[in-house]
Amino acid sequence: SQKIEQNSEALNIQEGKTATLTCNYTNYSPAYLQWYRQDPGRGPVFLLLIRENEKEKRKERLKVTFDTTLKQSLFHITASQPADSATYLCALDISRGKLTFGQGTILTVHP
Amino acid sequence: ETGVTQTPRHLVMGMTNKKSLKCEQHLGHNAMYWYKQSAKKPLELMFVYSLEERVENNSVPSRFSPECPNSSHLFLHLHTLQPEDSALYLCASSQDFAAAHYEQYFGPGTRLTVT
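Residues numbered from 1 in each chain as written. Chains lettered and ligands numbered in written order. Predicted model: local features only at pLDDT ≥ 70, side-chain atom pairs only at ≥ 80, totals over all residues. Heavy atoms only, no water.

Side note on the overall build of chain B
Broken down by element type, chain B carries zero helices and eleven strands. Counting from the amino terminus, helix and strand elements in chain B follow one another as β-β-β-β-β-β-β-β-β-β-β. Taken over C-alpha atoms, the radius of gyration comes to 13 Å for chain B, in line with the 13 Å a tight globule of 115 residues would show. Along the longest, intermediate and shortest principal axes, the C-alpha atoms of chain B span 40 × 25 × 25 Å. (Helix = DSSP H or I, 4+ residues; strand = E, 2+ residues; numbered from the N terminus. Rg over C-alpha atoms; globule rule 2.2 N^0.38 Å.)

The following block contains the structure:
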């Protein structure tokens with residue numbers, strides 16, 4: 001069956017360090033992969049989209065990689081800040097615009 | 001704000017009640033979605049509407065009934081719910097449905113508790 005796994009339920013890092021979150025998938029061949037941020041009690045907010053033919057995408061302090069051979073995406077936040085604390089979700093298109101989401105990784109950045 | 005609003009933000013209902021959730025998008029998008037988010041579980045897609053036509057019903061029980069009167073409004077009508085239906089219900093919209101290179105814009109959600 002199709003499966004998406006985000007490496008850990010929770011990740012704690014120190015302010016200023018780089019946070020690296022992992023999204024692994026099996027039995028998919030997605031054309032796109034998206035990352036979202038969700039704060040408690042709020043809906044997810046889109047961050048980045050990467051296509052299958054792109055190795056890397058950057059936006060300010062965010063960087064996403066997409067390795068279709070390993071079936072893995074890495075999401076990096078450099079120079080992390082306490083305000084980056086949130087749940088981060090990866091999402092893959094499984095067919096015709098339908099997104100399937102991972103369970104999320106709760107990131108906490110300590111001052 | 002994302003341009004997608006949802007009302008009410010919180011709802012407590014008994015198992016025999018009938019209630020409706022409302023979603024409105026101000027982005028001019030053609031596709032709208034209902035998701036369910038339960039604790040410790042991934043977002044689950046429930047329904048998709050594209051240009052007011054339902055294009056996806058993800059094996060959702062009939063006690064959930066969606067309605068899309070126009071491309072800006074989406075409703076989820078609830079009746080005879082079960083306690084396990086308690087969750088955060090999220091509405092989202094995107095420019096179009098047929099391609100997943102469009103990001104989705106989510107509303108703040110309705111926190112539903114079924115007693």
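Don't stop here, the text continues.
Brief notes about the interface of chain B and chain A
The partner chain A presents 21 residues to the 24 residues of chain B that form the contact. Of the roughly 1,800 Å² buried between chain B and chain A on both sides combined, carbon and sulfur atoms contribute 57%. Remark: the boundary between chain B and chain A carries one salt bridge. The partner of A:Glu9 in a salt bridge is B:Lys40, with the nearest N and O atoms 2.8 Å apart. Counting across the interface, chain B meets chain A through five residue pairs in polar contact (both at pLDDT 80 or more). If you list the elements that add at least two residues to the side of chain B that touches chain A, you get strand S4 (31-37), strand S6 (53-57) and strand S9 (87-94) of chain B. Tallying contributions element by element places S4(B) first for the side of chain B that touches chain A, with three residues. (Contact = heavy atoms within 4.5 Å. Buried area = accessible area lost by both parts, 1.4 Å probe. Salt bridge = Lys/Arg side-chain N within 4 Å of Asp/Glu carboxyl O. Polar contact = N/O pair within 3.5 Å; in protein donor to acceptor, adjacent residues only side chain to side chain.)

Looking at the packing of aromatic side chains
Under the definition given, this model contains 13 aromatic pairs over all chains. With a centroid separation of 6.1 Å and 80 degrees between ring planes, the pair formed by A:Phe101 and B:Phe106 is classed as edge-to-face. Of this pair, A:Phe101 sits in strand S10 (residues 98-101) while B:Phe106 sits in strand S10 (residues 105-106), on two different chains. With respect to class, A:Phe101 is no different from B:Phe106; both count as buried. (Phe/Tyr/Trp six-rings, centres within 6.5 Å; stacked < 30°, edge-to-face > 60°. Buried < 20%, exposed > 50% of the residue type's maximum accessible area, 1.4 Å probe, protein only.)

With respect to the sheet that holds strand S3 (residues 19-26) of chain A
All names here are of chain A. Pairing is antiparallel in the open sheet, where five strands are placed in the order S1-S3-S8-S7-S6. Both outer strands of the open sheet, strand S1 (3-6) and strand S6 (56-59), are each paired with one neighbouring strand and no more. Between one strand and the next, the sheet's axes are offset by a mean angle of 15 degrees, whatever the strand orientation. By the bridge criterion, four bridges tie S1 to S3 in an arrangement that is antiparallel. Looking across to S3, one finds that Ile4 is bridged to Tyr25. (Pairing = 2+ DSSP bridges. Axes fitted to C-alpha atoms, helices over the stretch in contact; angles between N-to-C directions.)

Quick look at the state of the cysteines
One pass over the structure, following the stated rule, counts two disulfides over all chains. A sulfur-sulfur distance of 2.0 Å marks the disulfide that ties A:Cys23 to A:Cys90. Between A:Cys23 and A:Cys90 the sulfur-sulfur dihedral comes to about 65 degrees; the bridge is accordingly right-handed. A residue pair is termed long-range when its members are at least 10 positions apart, and A:Cys23 in strand S3 and A:Cys90 in strand S9 (residues 86-95) qualify at 67 residues. Accessibility classification places A:Cys23 together with A:Cys90 in one group, the buried group. Across the disulfide, B:Cys23 is cross-linked to B:Cys91 (sulfur-sulfur distance 1.9 Å). Looking down the S-S bond of the B:Cys23 and B:Cys91 bridge, the torsion is -70 degrees, so its handedness is left-handed. With B:Cys23 in strand S3 (residues 18-25) and B:Cys91 in strand S9, this pair connects stretches of sequence that are 68 residues apart. In this pair, the class of B:Cys23 matches that of B:Cys91, namely buried. (Disulfide = S-S within 2.5 Å.)

Examining the side chain of B:Gln25
Residues and elements named next belong to chain B. Mapped onto the elements of the fold, Gln25 is located in strand S3. Engagement of the side chain of Gln25 in a polar contact is seen with the backbone oxygen of His29, the distance being 2.8 Å. Once residues lying within four places of it in the same chain are set aside, the contact partners of Gln25 are Gly3, Val4, Met32, Ser71, Ser72 and Ser93.

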